[in-house]
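So you can see what is in the structure, the chains are spelled out below.
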Amino acid sequence: MKFGIGQAVRRTEDVRFVTGNGQYTDDIKFPNMVHCLVVRSVVAHGLINSIDLDDAKAVDGVLAIVTGKDLEAAGYKYFRTLAGVVNKDGEPMPQTKQPILARDKVRYVGQPVVGIIAETMAAAREAADLVFIDYDVLEGVANVDEAGADGAPQLWDNIPGNKSLDWDCGEREAVEVAFEKAAHVISLDVTQNRIVVNSMEPRGSIAQYDAGTDGYTLHVSCQGVHNKQMMLAKGLLKIEPEKLRVIAPDVGGGFGMKGFTFPEECIALYAAKLVGRPVKWIGDRSESFQSDTHGRDVKSQCSLALDADGKMLAFRLKNRANFGAYNSTFGPGVATGGRRVWGGCYDIPAIYAEVDGYLTNTAPVDAYRGAGRPEAAYYIERLVDEAGRVTGLGPVEIRRRNFIGAAQMPYKNWVDVEYDSGTFEINLDEAVKDADVAGFADRKKEAKSRGKLRGLGLAYYLEVAAGGNEMARVRFTSNGGVQISVGTQSTGQGHETAFAQVAADKLGLPFESIEIRQGDTDQQPMGGGTGGARSLTAAGGAIGVAADNVIELGRRIAGELLDVAPDSLSFDASSDQGLFATAAGDRNVGIAEVIQVGLNPKGRLSSELAGELAEGLEVTATYEADAGSFANGCHICEVEIDEDTGHIELISYTVVDDFGKIVNPLLVEGQIHGGVAQGLGQALLEDCVYEEGGSSQLITGSFMDYAMPRADDMPNISFRANEDVPCEKNTLGVKGCGEAGTVGSLPSVVNAVVDALSDLGVNNITMPCTPEKVWRLIQGGKA
């Protein structure tokens, strides 16, 4: 089929995006709409003595000013963590009640304190300048070192030592025995630098209230309207979910951050009822830096034990995670959830891990592209690369000796997670060939003659995609169109194209006749949203099941048209016109005709079947995706470092991935390019820094101080996929690809940098690998 599964179809949604016809939250305007501006804390830790609003209220155009006490009086509740992580002692980790608007105390710079509702943004800004908040400034802590230090300021009365999580998992005694008898012990201290998500479209929302129905409508930039509806209605507003309709228009990037609920949405909803008009809040980039959830921020001690032949005996991990000011929605779960792939693709007999989670005076930390899996790959792949250097086996052979073999599949890892499929050694060998690893020594020698240090970094990642229940609703229209509603949410991935390909392939209908609908709780009763690379496995699976149901209904219609038993009919969707045919093959009827008869059944079908179709031709299906498709692959990066300046240039980048069956190769390659960009951004450039020493002020609060990857930082990427190993845990055979580029690129880029510096005695570097850090290591090595 021309536009079916496996075809590199260009994204249909791009036409409206590149012509300026996309509709994002800020593009929406309603009659009598007013604006919301949030006044934020300028101190990281302090008591609120008083809030003086008199001058602000007097500004012309100001309609209302909202404080935390107003929301408390209205019955609005606190944000709470949903992670459900349990400490070593078996007790659940403590809750940290996060208010929508701070009332008595502020805990990070950028925390919302006051909401201003005005006719114009100009009036709101003028009023904001006149709000006076009197603080007693307290000493703060900016990172896990400060939070865990003796005598550190106590941030929460119920959380001694600022440690809100004390968790472990695995076989401690077995790991200790393995390390005692090991011929080689490799240990590294590694850091996951803090990341600001920086989605292209900042967060934003528009709230409306209908007094007649006592219901709300929220247009919001998010990754899933149903999750947003439940978290807002049940968790914060304490209303029935059906009283809150949530709509997501086009969304310009999410990367995990837009999967959560934020204070500004609650303020807008409260204000919409208060003033009786639509209320819009759109964050600016400065607010994004201060108040979006951040990513990563973990300090780790990791060790690997090997025998004399280079076989892995045990892996040990000790993490200290910065949770920020509050235990956020899923933040503690991110810190521990990576355990599903902490051993990577290696057959390691024993693993033990500990995670300590600390609260600090910084923005809350939560999921960011990969959410624990890039960290997991980084731990093990940095260690394995160093093991190859220490044992003399090199980066290829050390991995080959320790891979889980294809014959061992399905394989249960240390936490009983089952890997269903994978041919790791084949993908490694293909990547090594594509990257011409054999010729690297000559390239390194040539680079040296130009004053450059050349390094090759190899990483083999294994990542687990999320699953969950999803629903698809298929509705046929009289003009030959097909409307398919799903509960996931595209934030730029190309869902409208990929999902239409699945439906076209299954049903044998024209690709251009299929319209994918998303982002409206009134149009779709359930959905898990987008995150964890789950969309194609879950929503794609639901579309596949719905298509099967359509075909079964079509058989009944076709059976009556052809006057044969429905079970005797075959269905062929291999062409652009799906056909129901008799067993003899002498008679058939196309699915398009079957659909038209189903839409107009009177006089054409039996009264029983016509009665079933009286309300229209519509099919709904649910699908439970197993939480475990395991994308994997090999990334090989080559860099050159200028000895005089420490500047790093990525010369080449090779990827061989296993994503199972691929629906659209063009979209998959785009996901890899984007993921690699975000990975190299963290590895080389990005770093969110708070001032130490008590103030906890955000130093990198704009693009003047926070370096983002640009086009000229990106190498050309050689990419290909191995489709010989489909996933056995979902109906499409696919493995989630949305986060894989980031998971593989972090360790491969840093391994390349370390390899380039290894002749100078360097075996470790802390991300980001800035030119200054690299230059200092070069000077130290030369000395």
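Preceding block: the structure.
Rules used throughout
- Residues numbered from 1 in each chain as written.
- Predicted model: local features only at pLDDT ≥ 70, side-chain atom pairs only at ≥ 80, totals over all residues.
- Heavy atoms only, no water.
- Helix = DSSP H or I, 4+ residues; strand = E, 2+ residues; numbered from the N terminus.
- Rg over C-alpha atoms; globule rule 2.2 N^0.38 Å.
- Contact = heavy atoms within 4.5 Å.
- Areas by Shrake-Rupley, 256 points an atom, 1.4 Å probe, with all protein chains shown as cover.
- Lys, Arg positive; Asp, Glu negative; His and termini not counted.
- Charge placed at Lys NZ, Arg CZ, Asp CG, Glu CD.
- Phe/Tyr/Trp six-rings, centres within 6.5 Å; stacked < 30°, edge-to-face > 60°.
- Lys NZ or Arg CZ within 6 Å of the ring centre and 35° of its normal.
- Salt bridge = Lys/Arg side-chain N within 4 Å of Asp/Glu carboxyl O.
- Buried < 20%, exposed > 50% of the residue type's maximum accessible area, 1.4 Å probe, protein only.
- Arc of directions from axis to C-beta.
- Core = buried A, V, L, I, M, F, W, Y, C linked by side-chain atoms within 4.5 Å.
- Pairing = 2+ DSSP bridges.
- Axes fitted to C-alpha atoms, helices over the stretch in contact; angles between N-to-C directions.
- Patch = residues over 30% accessible without salt bridge, like charges linked within 9 Å, V, L, I, M, F, W, Y side chains within 5 Å.
- Parallel < 35°, antiparallel > 145°, perpendicular 65-115°, else oblique.
- Left-handed = near helix turned anticlockwise from the far one by under 90°.
- Nonpolar A, V, L, I, M, F, W, Y, C, P; charged D, E, K, R; others polar.
- Polar contact = N/O pair within 3.5 Å; in protein donor to acceptor, adjacent residues only side chain to side chain.
- Right-handed = clockwise from strand over helix to strand, strands pointing away.

Draft legend 1. Expanded view of the overall build of the protein chain. Each helix and strand in the protein chain was counted, giving 21 helices and 28 strands. Taking 28 Å as the expected radius of gyration for a compact globule of 783 residues, we find that the protein chain reaches 28 Å, a close match to that expectation. Judged by the C-alpha coordinates and their principal axes, the protein chain covers about 90 × 75 × 50 Å. Contacts in the protein chain between residues at least 24 apart in sequence constitute 80% of all its contacts with a sequence separation of at least 6. When the accessible area of the protein chain is evaluated, it comes to approximately 29,700 Å², of which 48% is carbon and sulfur surface. Side chains of the protein chain give 73 positive and 109 negative charges; the mean places of these two sets differ by 0 Å.

Draft legend 2. Looking closely at the packing of aromatic side chains. As enumerated under the stated definition, the model contains 17 aromatic pairs in all. A centroid spacing of 5.3 Å and a plane angle of 75° characterise the contact between F289 and F703, whose relative ring orientation is edge-to-face. Within this pair, whereas F289 is found in helix α9 (residues 285–291), its partner F703 is found in the loop between α19 (665–684) and β28 (717–721), the two being separated by 414 residues in sequence. One aromatic cluster in this structure is built from Y346, F403, F424 and Y460. The lysine or arginine in question, R107, covers the ring of W156, its NZ or CZ lying 3.5 Å from the ring centre. Sitting above the plane of the F262 ring, R203 keeps its charged end 3.9 Å from the centroid.

Draft legend 3. Expanded view of the pattern of salt bridges. Within the structure shown, the criterion is met by 54 salt bridges. Across the pair E381 and R399 runs a salt bridge whose closest N-O atoms are separated by 2.8 Å. On the criterion of sequence distance, the pair formed by E381 in helix α11 (residues 373–391) and R399 in helix α12 (residues 394–402) is long-range, its members being 18 residues apart. Exposure remark for E381: the relative accessible area of 0% places this residue in the buried category. Take R399: its relative accessible area is 0%, and that puts it in the buried class. With a closest N to O distance of 3.0 Å, R443 and D436 form a salt bridge. The partly exposed category is assigned to D436, whose relative accessible area is 39%. Residues joined by salt bridges that share partners form a network here, namely D436, R443, E446, R450, R454, E638 and E640.

Draft legend 4. Broad picture of helix α13 (residues 424–434). Within α13, burial applies to F424, N427, L428, A431 and V432. The arc enclosing the buried residues of α13, seen along the axis, measures out at 135°, which places them on a common side. Once α13 finishes, D436 follows within two positions and takes phi at roughly 50°, a positive value.

Draft legend 5. Representation of the nonpolar core in the model. Core analysis: the largest hydrophobic core is formed by 122 residues, its most contacted members being L304, F315, I641 and F659. The element that contributes the greatest number of residues to this core is helix α20 (residues 740–757), accounting for ten residues. Not counting chain neighbours up to four residues away, the residues in contact with F659 comprise Y461, A631, V668, I672, F719, N722, G733, V734, K735, G736, C737 and A740. Membership of the second largest hydrophobic core comes to 52 residues, among which are V474, I514, I551 and F571.

Draft legend 6. Summary view of the sheet that holds strand β24 (residues 588–590). Pairing is antiparallel in the open sheet, where three strands are placed in the order β22-β23-β24. Each end of this open sheet is capped by a strand with a single partner; those strands are β22 (570–572) and β24. Sheet twist, expressed as the mean angle between neighbouring strand axes with direction ignored, is 25°. Relative to β24, strand β23 (residues 579–581) runs antiparallel, the two being bridged by three bridges. Bridged to L579 within β24 is G590. Seen against the sheet, helix α16 (residues 535–562) touches β22, β23 and β24 and runs at an angle of roughly 55° to β23.

Draft legend 7. Quick look at the sheet that holds strand β6 (residues 132–137). Ordered in space as β4-β2-β6, the three strands form an open sheet in which the pairing is antiparallel. Either end of the sheet is taken by a strand with one partner, and the two such strands are β4 (105–106) and β6.

Draft legend 8. Spotlight on a positive patch on the surface. A cluster of basic side chains, namely K77, R80, K97 and K238, defines a positive patch on the protein surface. Structurally, K238 is set in the loop between α7 (225–237) and β11 (244–247). Of the residues examined, K238 reaches a relative accessible area of 49% and is grouped as partly exposed.

Draft legend 9. How the structure looks around the side chain of T67. Summarising the element assignment, T67 is placed in strand β3 (residues 62–67). Residue classification places T67 among the buried positions, given a relative accessible area of 13%. For T67, the contacting residues outside a window of four places in its chain are L53, L101 and V113.

Draft legend 10. Layout of the packing of α7 against helix α8 (residues 263–275). Contact pair α7 / α8: the axes reach a minimum separation of 12 Å and the direction vectors enclose 70°. Between α7 and α8, the interaxial angle falls into the category roughly perpendicular. Our pair here, α7 against α8, has a crossing hand that is right-handed. From α7, K228, L232, L236 and L237 reach across to α8, where they touch E265, C266 and L269. Taken together, the residues that form the contact of α7 with α8 break down as five nonpolar, no polar and two charged.

Draft legend 11. Broad picture of the side chain of S421. Note on placement: S421 falls in the loop between β17 (418–419) and α13. On the basis of relative accessible area, S421 is assigned to the buried category, the value being 4%. A distance of 3.0 Å separates a polar atom in the side chain of S421 from a polar atom in the side chain of D420. Discounting chain neighbours no more than four positions away, the residues touching S421 are M409, V725, P726, C727 and K735.

Draft legend 12. Summary view of the pairing of β28. Of the pairings in the sheet, the one linking strand β27 (residues 648–658) to β28 comprises five bridges and is parallel in character. Within β28, the position partnered with V656 by the bridge is R720. Once the chain exits β27 it traverses α19 before rejoining the sheet at β28, and the crossover so formed is right-handed.

Draft legend 13. Fine view of the environment of A308. Relative to the assigned elements, A308 resides in the loop between β13 (294–306) and β14 (312–324). Each C-alpha atom of the pair A308 and A183 lies 5.1 Å from the other, and the pair is 125 residues apart in sequence. Each residue touching A308, except ones within four places of it in the same chain, is listed here: A183 and H184.

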